Amino acid sequence: MLRIPWWLPALVIGAARLLWPGHSWAAVLAYHLICLVGLRGPLKWGQVGRAWIPILIAFALLPLILLLPPIAFFPRGQVAELVNHWPGGLVAWAVYSFIFNVAIEEAFWRGTVLSQKPWPAYLHGAAFGLHHGIAGLLQFGWMWALPSFLLPTAVGTLWVLSARRSGGLGIALLTHLWADAALVLWVAGQLR
């Protein structure tokens, strides 16, 4: 495969959002395609060990997210537009996210990029957060750009640390799946 620079996925998301502003799904597919093209090397599951216990508890508690009260400043219009333009709506977005987004992002960011760049974990997290920040800015406006960058940066940093410590992607994959499921449930709860 091609050697994709770490910053190219963010550029692809920005370009796709500007070229097709009413079709966020095109930006997501372009982003995942560029990540797939850049995958290199074998991926390892690593040692999950006792990490299974809190992960299973977290999955069992996922439905509690639906009990969160609506947030007044939640960008309902932009989120509803994003979900409505996704072919198949919220359910299809969730399925795509669980099957493809988690695997592709972990393979690229905690597999390929981590193996190529001996950076500190927080720089890997920031590189991961960059494309989320750009997407948040272009989809939801300036108010959501910083949170869209900071949260994935923090979580991406933890995923890098877990990948390094466990010797593979198992913990990152499972917790990333949980994070995407939590996001889908949170969005569903905010849109009701």
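Shown above is the structure to which this text applies.
This part takes up a nonpolar patch on the surface. A cluster of nonpolar residues, Ile 53, Ile 57, Leu 61, Leu 64 and Leu 67, forms a patch on the protein surface that exposes about 520 Å² of accessible area. The exposure class assigned to Leu 67 is exposed, which follows from its relative accessible area of 66%.

Here the focus is the layout of surface pockets. Estimated volume of the largest pocket: approximately 1300 Å³. For the largest pocket, the lining is made up of 43 residues, of which Trp 93, His 132, Phe 140, Pro 152 and Leu 183 are closest to its centre. Where the lining of the largest pocket is concerned, the elements lending two or more residues are helix 1 (8-19), helix 2 (24-37), helix 4 (76-85), helix 5 (89-116), helix 6 (121-140), helix 7 (142-166) and helix 8 (170-191). Sort the elements by how many residues they give to the lining of the largest pocket and helix 8 lands first, with 9 residues. Of the residues belonging to the lining of the largest pocket, the class tally is 30 nonpolar, 10 polar and 3 charged.

A word on the packing of aromatic side chains. Under the defined criterion, the tally for this structure stands at 8 aromatic pairs. Through a chain of ring-to-ring contacts, the aromatic side chains of Phe 108, Trp 109, Phe 128 and Trp 159 assemble into a single cluster. Positioned above the aromatic ring of Phe 128, the side-chain terminus of Arg 110 is 4.1 Å from the ring centre.

The N-to-C vectors of helix 4 and helix 8 enclose an angle of 120°; their axes lie 11 Å apart at closest approach. Accordingly, the angle class assigned to the pair helix 4 and helix 8 is oblique. Relative to helix 8, helix 4 is oriented so that their crossing is left-handed. Counted together, Arg 76, Val 79, Ala 80 and Val 83 of helix 4 and Val 187, Gln 190 and Leu 191 of helix 8 form the full contact between these two elements. Across the contact of helix 4 with helix 8, the residue classes break down as 5 nonpolar, 1 polar and 1 charged.

The next thing to look at is the side chain of His 131. Within the secondary structure, His 131 sits in helix 6. In this structure the side chain of His 131 is engaged in a polar contact, spanning 3.2 Å, whose partner is the side chain of Glu 105. Each residue touching His 131, except ones within four places of it in the same chain, is listed here: Pro 9, Ala 10, Ile 13, Tyr 31, Glu 105 and Trp 109.

Along the chain, Glu 106 falls in helix 5. The contact partners of Glu 106, leaving out residues within four places of it in the chain, are Gly 111, Trp 159, Leu 169, Ala 172, Leu 173 and His 176. Looking at Glu 106, its side chain comes within polar contact range of the side chain of Arg 110, at 2.8 Å.

This part covers helix 8. In a regular helix each residue adds 1.5 Å, so 22 residues correspond to 32 Å; helix 8 covers 32 Å between its end C-alpha atoms and thus fits that length. For helix 8, the set of buried residues is Gly 170, Ile 171, Ala 172, Leu 174, His 176, Asp 180, Ala 181, Ala 182, Val 184, Val 187, Gly 189 and Gln 190. For helix 8, the elements touching its buried residues are helix 3 (52-61), helix 4, helix 5, helix 6 and helix 7.

Compared with an ideal rise of 1.5 Å per residue, which puts 12 residues at 16 Å, helix 1 spans 16 Å between its outermost C-alpha atoms and is within 8% of the ideal. Of the positions making up helix 1, those classed as buried are Leu 8, Pro 9, Ala 10, Val 12, Ile 13, Gly 14, Ala 16 and Arg 17. Tucked inside the fold, the buried residues of helix 1 contact helix 2, helix 5 and helix 6.

As a further point, take the nonpolar core. Ile 4, Leu 8, Tyr 31, Ile 34, Cys 35, Phe 108 and Trp 109 are the most contacted members of the largest nonpolar core, which totals 15 residues. Mapped onto this core, the elements with two or more residues apiece are helix 1, helix 2, helix 5 and helix 6. Among the elements that make up this core, the one with the highest residue count is helix 5 (4 residues). Not counting chain neighbours up to four residues away, the residues in contact with Ile 34 comprise Ile 4, Leu 8, Pro 9 and Val 12. In terms of nonpolar packing, the next biggest core, distinct from the first, is built from 9 residues, Val 83, Trp 86, Tyr 96 and Val 184 among them.

About the cut-offs
- Residues numbered from 1 in each chain as written.
- Predicted model: local features only at pLDDT ≥ 70, side-chain atom pairs only at ≥ 80, totals over all residues.
- Heavy atoms only, no water.
- Patch = residues over 30% accessible without salt bridge, like charges linked within 9 Å, V, L, I, M, F, W, Y side chains within 5 Å.
- Areas by Shrake-Rupley, 256 points an atom, 1.4 Å probe, with all protein chains shown as cover.
- Salt bridge = Lys/Arg side-chain N within 4 Å of Asp/Glu carboxyl O.
- Buried < 20%, exposed > 50% of the residue type's maximum accessible area, 1.4 Å probe, protein only.
- 1 Å grid on protein atoms, 1.4 Å probe; cavity = no way out; pocket = protein on both sides within 12 Å on 5 of 7 lines; lining within 4 Å.
- Points joined across faces, edges and corners; volume = space filled by probe spheres on them.
- Helix = DSSP H or I, 4+ residues; strand = E, 2+ residues; numbered from the N terminus.
- Nonpolar A, V, L, I, M, F, W, Y, C, P; charged D, E, K, R; others polar.
- Phe/Tyr/Trp six-rings, centres within 6.5 Å; stacked < 30°, edge-to-face > 60°.
- Lys NZ or Arg CZ within 6 Å of the ring centre and 35° of its normal.
- Axes fitted to C-alpha atoms, helices over the stretch in contact; angles between N-to-C directions.
- Parallel < 35°, antiparallel > 145°, perpendicular 65-115°, else oblique.
- Left-handed = near helix turned anticlockwise from the far one by under 90°.
- Contact = heavy atoms within 4.5 Å.
- Polar contact = N/O pair within 3.5 Å; in protein donor to acceptor, adjacent residues only side chain to side chain.
- Expected span 1.5 Å × (residues − 1).
- Core = buried A, V, L, I, M, F, W, Y, C linked by side-chain atoms within 4.5 Å.

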